[in-house]
Amino acid sequence: MRTHPAILVAVILVVFASTLQADQKPPSATNKLRDYIRFDTSTREGSEQALGFLRDHLHSEGISTQWIVSPEGVPSLYARIDALEESNESIVLLHHADVVAAGDGWAHGPFDADTSEGIVHGRGALDDKSLGIAHLEAFLAANRTLEKLTRNLILLVVTDEEEGGSQGSRWLLEAHPELFDGVVAVFGEGGINRVYGDQLAWWGIEIAQKRPLWLRITAKGRPGHGSTLNLHTAPHRLIRALDRLLERPLDFHGTPEVRLYFESIAPYETKGLQRLVANLDEILNLPHPETKMLPGIPNYFLDSIQINMLQAGKQPNVAPETATAWIDIRLLPDTDEKQFLEDVRSRLGKEVGVKVILEAPRVEASPVSGPGFECIAEVLSKQAPVVPAFIPGITDSRYFREHNLPAYGFSPFKLGGARLRGIHGIDEQIPIKEFEEGIATMLAVVQSCSEE
């Protein structure tokens, strides 16, 4: 049977239209994550390209954006959705596009975004691009149901968090405070969730964290030939100073924020941790409390000192004139930073110079009452208990807390400790199943918090 030409043309048009319509479907969240990872955002150029990628997705759905550049040329992306009925309250979805350098030894290319065995591999898969795509998906979903919004939503993407955030969140809050008028909650990174096997034990919403005190230590000495006995070279002076600092006695103490965290998780944790919490004051008064603590726990009760970078000389047979070390100090919330720095300077001695390159004042923890914490808890508690968490790391949340804006670290992903070791390490990855489930969780939380 011959087909009439007009019918054949109609069929071709229908098929073409169907194909075009299919091609126009928005990419899945997983594909967006893969595209996002492929930008090497350890560089300024890659960060700018990544912001452009996010901006294009926002513009494709009619959302206007602001591209804001700091005095040092660091870009941030800001977008806002206003509720149809005027609202004085806003919620910020904050993440950072920048990542640390990938280094060598990866099983999969760090910026290839390879997917194998149901996993997305790549730098930023955990820190912080998966959260960024979760925020983007929730933000776009809210824009599609604009009539339901009772609070305004802000999407903020910064690109210098890994460098300390001074040209991102900090500068934005100081230079453009009007962007954050009416903010009742900031949702960012830093959430801790306890997963045993496939079982979620509790959701941890970060409300407080340690404070950074980053130092650059510089020693100068007499340069010369490497074969000459010279006890006063720059490297020798630096090493002696650092050795004195590392001999500093460990000072254990429990702050209210840390106590609240451990008391909150104890009912859902092992007998060992429960005994620690029950006998905490007695243990902290021991000569060596760390001997009674599980690995990783002492860090919550100490001001930590970590020497992470050393630089001196270029040849083994030449004594250099200068040697430098970069020290990452993390202070507990109640530590007097001025006294601590004075003690550090005293131990290092007069042979070296000390320059502070990042510091943070003491701030109050974010409240566990109010629209931010409560609306997260209302959604998450249907799956597992929700606890206020303290982290020994730092995030940009501290800058918002300095401005009395409640900030919460919240991760929607149910990931165990083994997965999280990829953060700042090699072979960073996130399982697609947990990522997509986390997207759904983030959508539910943002919907609950913005439609109350």
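Read on for a plain summary of the structure. Note that the structure is predicted; figures quoted are calculated from it, not measured.

**Concerning the overall build of the protein**
At step 1: The helix and strand inventory of the protein stands at 14 helices and 18 strands.
At step 2: Of all 452 residues assigned to the protein, the portion counted as buried reaches 49%.
At step 3: Long-range contacts, defined as pairs at least 24 residues apart, comprise 79% of the intrachain contacts of the protein with a sequence gap of at least 6.

**Considering unusual backbone geometry**
At step 1: With an omega of 20°, the peptide bond running from Asp127 to Asp128 counts as cis.
At step 2: Relative to the helices and strands, Asp128 resides in the loop between β5 (119-121) and α4 (129-144).
At step 3: At His424, a residue that is not glycine, the phi angle is positive and equals roughly 65°.
At step 4: Position of His424 relative to the elements: it lies in the loop between α13 (417-420) and β18 (429-431).

**Details of the environment of Leu341**
At step 1: By the secondary structure assignment, Leu341 is in helix α10 (residues 337-348).
At step 2: Judged by its relative accessible area of 15%, Leu341 is buried.
At step 3: Considered as a pair, Leu341 and Ile91 are 250 residues apart in the sequence and their alpha carbons are 36 Å apart.
At step 4: What Leu341 contacts, discounting residues up to four positions off in sequence, is Leu213, Leu215 and Val356.

**Concerning the nonpolar core**
At step 1: In this structure, Phe187 and Phe301 are the most contacted members of the largest nonpolar core, which totals 83 residues.
At step 2: If you tally residues by element for this core, the top one is α4, at eight residues.
At step 3: In this structure Phe187 touches Ile91, Val92, Leu93, Leu94, His135, Gly372, Cys375, Ile376, Tyr408, Val445 and Cys449, once residues within four positions along its chain are discounted.

**Looking at the packing of helix α2 (residues 29-37) against helix α14 (residues 432-450)**
At step 1: Contact geometry for α2 and α14: axes closest at 10 Å, N-to-C directions at 110°. Our classification of the angle between α2 and α14 gives roughly perpendicular. The handedness of the crossing between α2 and α14 is right-handed. Contacts between α2 and α14 involve Ala29, Thr30 and Leu33 from the first element and Ile432, Phe435, Glu436 and Ile439 from the second.
At step 2: Class assignment of the residues belonging to the contact of α2 with α14 gives a composition of five nonpolar, one polar and one charged.

**What about the state of the cysteines?**
Working definition: the covalent bond between the sulfur atoms of two cysteines is a disulfide.
At step 1: For the coordinates displayed, the defined rule picks out one disulfide.
At step 2: With a sulfur-sulfur separation of 1.8 Å, Cys375 is cross-linked through a disulfide to Cys449. Between Cys375 and Cys449, the disulfide has an S-S torsion of 95° and is therefore right-handed. One end of the pair, Cys375, is in helix α11 (residues 371-380); the other, Cys449, is in helix α14, and 74 residues separate them in sequence.
At step 3: Residue classification places Cys375 among the buried positions, given a relative accessible area of 0%.

**Observations regarding the packing of aromatic side chains**
At step 1: Overall, the coordinates contain twelve aromatic pairs when judged by the stated rule.
At step 2: An angle of 85° between the planes, with centres 6.3 Å apart, marks the rings of Tyr78 and Phe180 as edge-to-face. With Tyr78 in strand β2 (residues 75-81) and Phe180 in the loop between α5 (169-175) and β7 (183-188), the pair connects residues that are 102 residues apart, well separated along the chain.
At step 3: Under the relative-accessibility criterion, Phe180 is labelled buried at 4%.

**Topic: the side chain of Glu428**
At step 1: Following the sequence through the fold, Glu428 ends up in the loop between α13 and β18.
At step 2: A distance of 2.9 Å separates a polar side-chain atom of Glu428 from the backbone nitrogen of Asp127.
At step 3: Leaving out residues up to four positions away in the same chain, Glu428 has contacts with Trp106, Val120, His121, Gly122, Arg123, Gly124, Ala125, Leu126, Asp127 and Gly422.

Analysis parameters
- By convention here, each chain's residues receive numbers from 1 onward along its written sequence.
- Local features are withheld for residues below a pLDDT of 70 in this predicted model, meaning they are given only at 70 or higher, and side-chain atom pairs are given and counted only at 80 or more; totals for whole chains, interfaces and linings count all residues.
- Computation of side-chain values: all heavy atoms of the structure, hydrogens and water removed.
- By definition, any uninterrupted DSSP run of H or I lasting at least four residues is a helix, any uninterrupted run of E lasting at least two residues is a strand, and each is numbered from the N terminus.
- Burial classes follow relative accessibility: with a 1.4 Å probe on protein chains only, a residue under 20% of its type's maximum area counts as buried, one over 50% as exposed, and anything between as partly exposed.
- For this analysis, residues touch if any pair of their heavy atoms sits within 4.5 Å.
- In these notes, a set of buried Ala, Val, Leu, Ile, Met, Phe, Trp, Tyr and Cys residues joined through side-chain atoms within 4.5 Å is what counts as a nonpolar core.
- Here the axes come from fitting lines to C-alpha atoms, over the contacting stretch only for helices, and the angles between their N-to-C directions go from 0 to 180 degrees.
- Each angle receives one of four descriptions, namely roughly parallel if under 35 degrees, roughly antiparallel if over 145, roughly perpendicular if within 65 to 115, and oblique otherwise.
- With the far helix as reference, a near helix turned anticlockwise by less than a right angle produces a left-handed crossing, and one turned clockwise produces a right-handed crossing.
- Classification convention: Asp, Glu, Lys, Arg as charged; Ala, Val, Leu, Ile, Met, Phe, Trp, Tyr, Cys, Pro as nonpolar; all other residues, Gly among them, as polar.
- Cysteine sulfur atoms are paired as a disulfide whenever they fall within 2.5 Å.
- Here the aromatic set is Phe, Tyr and Trp, taking the six-membered ring for Trp, and pairing holds for ring centres within 6.5 Å; pairs whose planes are under 30 degrees apart are stacked, those over 60 apart are edge-to-face, and all others are tilted.
- Here a polar contact is taken to be a pair of N or O atoms separated by no more than 3.5 Å, where protein atoms must pair a possible hydrogen donor with a possible acceptor and residues adjacent in sequence count only if both atoms sit in side chains.

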